[in-house]
Amino acid sequence: MSWARHNPNPQRKSVGDCTVRAVSAALGMSWEEAFAGLCLQGFLMCDMPSANHVWGAYLREQGFARRILPEDCPDCYTVSDFAGDHPVGTYILALPSHVVCLQDGDWLDTWDSGMEVPLYYWERSEENGV
């Protein structure tokens with residue numbers, strides 16, 4: 001359970017596209033494919049692709065389900081803690097100002113976001129039709 005450097009951005013940019021990077025990793029697609037899919041979803045919803053409800057709708061169409069985190073310690077439960085509790089599977093975690101993909105216990109990101117606190121998460125599973 002650890003951070004794995006991940007930046008599929010074709011120009012290696014690492015600011016402003018965290019949603020695209022996370023969706024790209026979670027769906028196993030290129031940055032360009034993820035960007036195009038999110039932009040189309042944003043176009044259909046008349047909002048920006050990085051808006052929570054836009055990328056959430058896109059993930060839902062891809063077989064993800066939104067889950068709420070337990071209220072045990074809402075200000076101290078970190079991405080790293082989540083990774084330890086979820087060693088298998090693909091997840092996208094929504095943080096206060098960031099989005100990160102977690103796969104099989106590793107968080108894939110351009111920086112070590114392991115100490116950040118997630119607000120909620122999206123889970124991809126066979127029961128969701130994927």
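This text follows the structure it describes.
Here is a short report on the structure shown in this document. (Residues numbered from 1 in each chain as written. Predicted model: local features only at pLDDT ≥ 70, side-chain atom pairs only at ≥ 80, totals over all residues. Heavy atoms only, no water.)

### What to know about the nonpolar core
Here is the rule: Only buried residues count toward a nonpolar core. Its members are Ala, Val, Leu, Ile, Met, Phe, Trp, Tyr and Cys residues joined through side-chain atoms within 4.5 Å. For each residue, the accessible area found with a 1.4 Å probe, counting protein chains only, is set against the maximum for its type, and the residue is called buried under 20%, exposed over 50%, and partly exposed in between. Starting at the N terminus, helices and strands are each numbered in turn, a helix being any DSSP run of H or I of at least four residues and a strand any DSSP run of E of at least two. Contact between two residues is taken to exist if any of their heavy atoms lie within 4.5 Å; hydrogens are not considered.
Val23, Trp55, Leu59, Phe64, Ile92 and Trp122 are the most contacted members of the largest nonpolar core, which totals 21 residues. Among the elements of the structure, helix H1 (18-27), helix H2 (31-45), helix H3 (52-61), strand E3 (90-95), strand E4 (98-103) and strand E6 (120-124) are those that each provide at least two residues to this core. Setting aside residues no more than four positions away along its own chain, leucine 59 makes contact with Val23, Phe64, Ile92 and Trp122. Among the nonpolar cores identified, the runner-up in size contains eleven residues, and Leu69, Phe82, Ala83 and Val100 belong to it.

### Points about the state of the cysteines
To keep it simple, the criterion reads: Here, a disulfide means two cysteine sulfur atoms that sit within 2.5 Å of each other.
Throughout the structure, instances matching the rule amount to one disulfide. For the unlinked cysteine cysteine 39, the closest cysteine sulfur is that of cysteine 46, found at 13 Å.

### Concerning unusual backbone geometry
The backbone phi angle of arginine 12 is positive, close to 65°, even though this residue is not glycine. Relative to the assigned elements, arginine 12 resides in the loop between strand E1 (3-5) and H1. The phi dihedral of cysteine 46 is positive, around 55°, even though this residue is not glycine. With respect to the secondary-structure elements, cysteine 46 resides in the loop between H2 and H3.

### Examining the packing of H1 against H2
To keep things clear, this is the line we draw: Helix axes use the C-alpha atoms of the stretch in contact, all axes being lines fitted to C-alpha atoms, and the angles between their N-to-C directions lie in the range 0 to 180 degrees. An angle below 35 degrees is treated as roughly parallel, one above 145 as roughly antiparallel, one from 65 to 115 as roughly perpendicular, and anything else as oblique. Each crossing gets its hand from how the near helix is turned against the far one by less than a right angle, where anticlockwise is left-handed and clockwise is right-handed.
Interhelical geometry of H1 versus H2 gives an angle of 115° and a closest axis separation of 8 Å. Viewed along their axes, H1 and H2 adopt a mutual orientation that is roughly perpendicular. Considering the relative orientation of H1 and H2, their crossing is right-handed. On H2, the residues touching Thr19, Val20, Arg21, Val23 and Ser24 of H1 are Trp31, Ala34, Phe35 and Leu38.

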